Amino acid sequence: MTGTANDPVDVLIIGGGASGAAVAWSLADTRMRILCLEQGDWVKPTEFPTTGRDWEARQYGDFSVSPNRRGLPEDYPINEDESPIKIANFNGVGGGTILYAGHFPRLHPSDFRVRSLDGVADDWPISYETLEPYYAQNDEMTGVAGLEGDPAYPPKSVQMPPLPLGRTGAMLGGAMNTLGWHWWPSDAAINTQTYDDRAPCINLGHCLHGCAQGAKSSTDGSYWPKAIRARVELRTRCRVRRIETDSDRMATGAHYVDPDGVERFQPAAIVIVACNGVGTPRLLLNSASEQFPEGLANSSGLVGKNLMFHPYGQIRGYFDRKLDAYRGPRIGAWSMEFYETDASRGFVRGYCYQFSRGLGPVSTATAGMADGLIPWGEGHHAGFRRLFEHSAGMVSICEDLPEEINRVTLDPQLTDSDGIPAPKITYRLGENSQKMLDHSIARATEILKTAGAREITVKSPMPSAGWHLLGTARMGLDPQRSVVNDWGRSHDVRNLFIVDGSVFVTAGGVNPTSTIQAIALYVADQIKARLHNLFD
Amino acid sequence: MTKVTASAFDDVQRETLRAIAAAMIPPCRESGLPGADDPAIIGDILASAGRDTAALVGVLDALHSAAGGNLDALRSAEHGSVLATFRAENPALAGVLELVIAQCYYRDDRVLLIIGMEPRPPFPKGYEIEEGDWSLLDPVRARGKIYRDADDGRAS
Ligand SMILES: Cc1cc2nc3c(=O)[nH]c(=O)nc-3n(C[C@H](O)[C@H](O)[C@H](O)COP(=O)(O)OP(=O)(O)OC[C@H]3O[C@@H](n4cnc5c(N)ncnc54)[C@H](O)[C@@H]3O)c2cc1C
């Protein structure tokens, strides 16, 4: 398995998604030779579902959020039989940002001090203040639409005016005002004006399956073009099999399979892993060797453990009035009313709501039939008319606590198309998460009733919502209790860094990508600042 | 693009699908909506079952045998019918039928025009939505800060 050796590089980045792109761009100004290996390819916006009449059907095809459903050569299978929440990702240049909704909240200051404030889990070794400049830098690179002055956050700026409220936002915002509860236009990685040469949103409404307009900021259009102009090399359709180490316990590079199926070895002085909260532990575990028998960088035994999703509740109401339906970004406004711990609720930590607009006709029909609101037979058309263009709702994004039994391991049988062992997910909802989900469903029901919903449907936990993959190579000061240190370097291997969602200590109760990218930029700056003694 | 899958189905499976589609979404004389057993729609369903082809073949065979080979028994979704029993006992498989049928029915030009949609892809024309009135946020602003400081944990 040695393979053909390539010319050495200074920095090898594995994974070209949200964090891989950010770290590549930031390191480019060092003039080091930087190479990124990405197992997927560039996506062509002309192939995104909204360019075709079959746009809704194609959300279940090549642009499905589920890698197991897509089953494309660049996808690796995932055994998720032992998890009620199934993995969603995208493997290609841009990674998950190709499919993400672009909901772009930051963590809150209190999220970094969970143990001190609430007596559970652990504090992060870094703070909101540490990341604040990197959040701002990432917002600039991404282009964030929003409204300044949200009382749920310390002051922060945005690049563009917020997404339109639409009929949905106005109706749900009105209900929140009646209840006296917080809501605010979401920070969105979606252009509301031309930004960085990318066109504004035209309300295609199908953000979760790729934005044909290019208005949603995915890293193939934001970071990558700039990184490549600054001479970073991005090699696509190259899947890394394992990271190699030498007798000094230093990484020497990585073995990968090139687009022609040829095994190659890429020597590198620094290796940065950015494969996400499932792909990264999979790669580290697959890199076990005589020196690292339990997997690379795993002396703590924590690689793959403490997997956190955000368990999602999905609550949808049907109203007499006509709403936005399939038009407009899926997101628009959030609520942080139940974000901070309130012991009287019976659980610690909290959740946010992400309000959602309605559905296209196919999704209206399938959801309506599954929920028993649209019958088969004579009543079908009347049932459909009652629901179509009349729905709105929200998802609750609940903070999961780190628990070692929730984990990523290697499946003993399953492999990808290159024969590389595939990951297995073992996950169950903790008691705190379950109570939080229940609370979020009850409060959401109140909101929808206040807004005038005549029917309400609930999915809890939402099975398809395993899209936030966190905690499986956590950051910390104690090498026995964490995998990387407070600046992203592995405790065990002094030239190995991790920059993706794996390093989260706790999950917070918001979508993670702005934080993942802020961490990647922060780690890049740490590398730059310490270049003279990086491996000490 | 979706792989064409029509050849995966034999004649019995096609007829079984036609019966089920009519039972699920019958025509509506009042509005002029076709049934899902309309020849063009059935052709589309068979051609574009995609990743659901194998599951669909399995469901059609299972229903055909549940009906004892009698297609008339599959033309009704009324309570107590073969279809209603199958739906109640196999919600995931019923979901496959609902998906493959609805995804073609609700992209047929005639259907879209009647339900009030332009028969076109969303891109490049896009859609309009209302901007909204931002003064709705005045009460939220008036309430003031709600986040906790990280040092002492108090929301001030
Ligand atoms: C449908 C969906 C909706 C989402 N919505 C939101 C949202 O609204 N807001 C939000 O904040 N987040 C959202 N997310 C999550 C977001 O996409 C992720 O948090 C983010 O992309 C994670 O960044 P990452 O760098 O950790 O990993 P990724 O972006 O997943 O990138 C990892 C990359 O590594 C590559 N890779 C993995 N293994 C290997 C290997 N062995 N060799 C070579 N390459 C490899 C993969 O192909 C992939 O491109 C959503 C995700 C999905 C799927």
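K.L.:
Explain the overall build of chain B residue by residue, including any values.
P.N.:
Across its full length, chain B carries 7 helices and 0 strands. Taken over C-alpha atoms, the radius of gyration comes to 24 Å for chain B, far larger than the 15 Å a tight globule of 156 residues would show. With the principal axes as the frame, chain B shows a C-alpha extent of 70 × 40 × 35 Å. When the 156 residues of chain B are sorted by exposure, 43% land in the buried category.

K.L.:
Report on the sheet that holds strand E13 (residues 391–398) of chain A, specifying residues and quantitative values.
P.N.:
Strands in a sheet are paired, the pairing made by backbone hydrogen bonds, and the direction either parallel or antiparallel. All names here are of chain A. Taken together, the 6 strands give an open sheet; going across it, the order is E5-E11-E12-E13-E10-E16, and neighbouring strands pair in antiparallel fashion. Strand pairing shows two members of the sheet lacking a second neighbour, strand E5 (184–185) and strand E16 (455–459), which therefore form its edges. Examined bridge by bridge, strand E10 (residues 312–318) and E13 share 7 bridges and lie antiparallel to one another. Bridge pairing in E13 places Tyr312 opposite Ile397.

K.L.:
Which residues make up the site of the ligand, and what values do they have?
P.N.:
Residue and element names in this part refer to chain A. Inspection of the region around the ligand gives 36 residues, with Ser19, Glu38, His103, Val240 and Thr513 positioned closest. Taking Val240, its main chain carries an N or O atom lying 2.9 Å from a nitrogen atom of the ligand. If the ligand stood free it would expose 1000 Å²; the protein chains cover 97% of that surface. Among the secondary structure elements, those contributing two or more residues to the shell around the ligand are helix H1 (18–27), strand E7 (239–245) and helix H11 (513–529). Counted by class, the shell around the ligand contains 16 nonpolar, 17 polar and 3 charged residues.

K.L.:
An account of the environment of A:Pro461 is needed here, citing residue identities and associated values.
P.N.:
Residues and elements named next belong to chain A. Take Pro461: it is sitting in the loop between E16 and strand E17 (496–498). Pro461 sits in the buried class, given a relative accessible area of 19%. With 24 residues separating them in the primary sequence, Pro461 and Leu437 have C-alpha atoms 7.5 Å apart. Residue contacts for Pro461: discarding those within four places in its chain leaves Ile85, Tyr312, Leu429 and Leu437.

K.L.:
Could you give an account of helix H7 (residues 276–286) of chain A, with specific residues and numbers?
P.N.:
Residues and elements named next belong to chain A. Among the 11 residues in H7, 10 count as buried, and that is most of the element. Where H7 is concerned, the buried positions are Gly277, Val278, Gly279, Thr280, Pro281, Arg282, Leu283, Leu284, Leu285 and Asn286. Of the residues that open H7, the one with a side-chain oxygen 2.8 Å from the backbone nitrogen of Val278 is Asn276.

K.L.:
Describe the layout of surface pockets, naming the residues involved and giving the relevant values.
P.N.:
What the second largest pocket holds in volume is close to 830 Å³. Around the second largest pocket sit 41 residues that line it, and A:Asp62, A:Leu72, A:Pro73, A:Glu74 and B:Arg51 are the ones nearest its centre. Looking at the lining of the second largest pocket, its residues break down into 13 nonpolar, 12 polar and 16 charged.

K.L.:
Describe the interface of chain A and chain B, and please don't skip the residues or the numbers.
P.N.:
At the interface, 71 residues of chain A touch 62 residues of chain B. Here chain A meets chain B over a buried area of about 5600 Å², counting both sides, of which 63% is carbon and sulfur. The three residues of chain A that bury the most area against chain B are A:Arg53, A:Trp376 and A:His381, which together make up 17% of that side's buried surface. Counting every contact that joins chain A to chain B gives 7 salt bridges. A:Glu340 is paired through a salt bridge with B:Arg148; the nearest N and O atoms lie 2.9 Å apart. Summed over the shared surface of chain A and chain B, the number is 26 residue pairs in polar contact (both at pLDDT 80 or more).

K.L.:
Outline the packing of aromatic side chains, supporting the account with residue identities and numerical values.
P.N.:
Evaluated as defined, the whole model comprises 24 aromatic pairs over all chains. With a centroid separation of 5.6 Å and an interplanar angle of 35 degrees, the aromatic rings of A:Tyr128 and A:Tyr135 are classed as tilted. One exposure class covers both A:Tyr128 and A:Tyr135, and it is buried. On the numbers, 6.4 Å between centres and 85 degrees between planes, the contact of A:Phe338 with A:Tyr353 is edge-to-face. One end of the pair, A:Phe338, is in the loop between strand E11 (333–335) and strand E12 (351–356); the other, A:Tyr353, is in strand E12, and 15 residues separate them in sequence. An aromatic cluster is present here, built from A:Trp55, A:Tyr326, A:Phe384, A:Phe388, B:Tyr105, B:Tyr106 and B:Tyr127 joined pairwise through their rings. Its guanidinium or amino end placed over the ring of A:Tyr76, A:Arg282 lies 4.6 Å from that ring's centre, counting from NZ or CZ.

K.L.:
Could you give an account of the side chain of A:Ser19, naming the residues involved and the relevant values?
P.N.:
Residues and elements named next belong to chain A. By secondary structure assignment, the location of Ser19 is in helix H1. Taking the relative accessible area as the measure of exposure, Ser19 reaches 4% and is therefore buried. Those residues in contact with Ser19 that sit more than four places away from it in its chain are Ala274, Val499, Asp500, Ile516 and Ala520.

K.L.:
Give me unusual backbone geometry: which residues, what numbers.
P.N.:
Residues and elements named next belong to chain A. Cis geometry marks the peptide bond from Ser460 to Pro461, where omega comes out at -10 degrees. The phi torsion at Arg237 lies on the positive side, around 55 degrees, for a residue other than glycine. With respect to the helices and strands, Arg237 occurs in the loop between strand E6 (233–235) and E7. Accessibility expressed as a relative area gives 42% for Arg237, which makes it partly exposed.

K.L.:
Could you give an account of the environment of A:Val499, with specific residues and numbers?
P.N.:
Residue and element names in this part refer to chain A. Among the secondary structure elements, Val499 is positioned in the loop between E17 and H11. Using a relative accessible area of 0% as the deciding quantity, one classes Val499 as buried. Through-space distance from the C-alpha of Val499 to that of Ile13 is 9.8 Å; in sequence the pair is 486 residues apart. Aside from chain neighbours lying at most four places away, what touches Val499 is Ser19, Val23, Ile272, Val273, Ala274, Ile516, Ile519, Ala520 and Val523.

Conventions used here
Residues numbered from 1 in each chain as written. Chains lettered and ligands numbered in written order. Predicted model: local features only at pLDDT ≥ 70, side-chain atom pairs only at ≥ 80, totals over all residues. Heavy atoms only, no water. Helix = DSSP H or I, 4+ residues; strand = E, 2+ residues; numbered from the N terminus. Rg over C-alpha atoms; globule rule 2.2 N^0.38 Å. Buried < 20%, exposed > 50% of the residue type's maximum accessible area, 1.4 Å probe, protein only. Pairing = 2+ DSSP bridges. Near = heavy atom within 4 Å. Polar contact = N/O pair within 3.5 Å; in protein donor to acceptor, adjacent residues only side chain to side chain. Areas by Shrake-Rupley, 256 points an atom, 1.4 Å probe, with all protein chains shown as cover. Nonpolar A, V, L, I, M, F, W, Y, C, P; charged D, E, K, R; others polar. Contact = heavy atoms within 4.5 Å. 1 Å grid on protein atoms, 1.4 Å probe; cavity = no way out; pocket = protein on both sides within 12 Å on 5 of 7 lines; lining within 4 Å. Points joined across faces, edges and corners; volume = space filled by probe spheres on them. Buried area = accessible area lost by both parts, 1.4 Å probe. Salt bridge = Lys/Arg side-chain N within 4 Å of Asp/Glu carboxyl O. Phe/Tyr/Trp six-rings, centres within 6.5 Å; stacked < 30°, edge-to-face > 60°. Lys NZ or Arg CZ within 6 Å of the ring centre and 35° of its normal.

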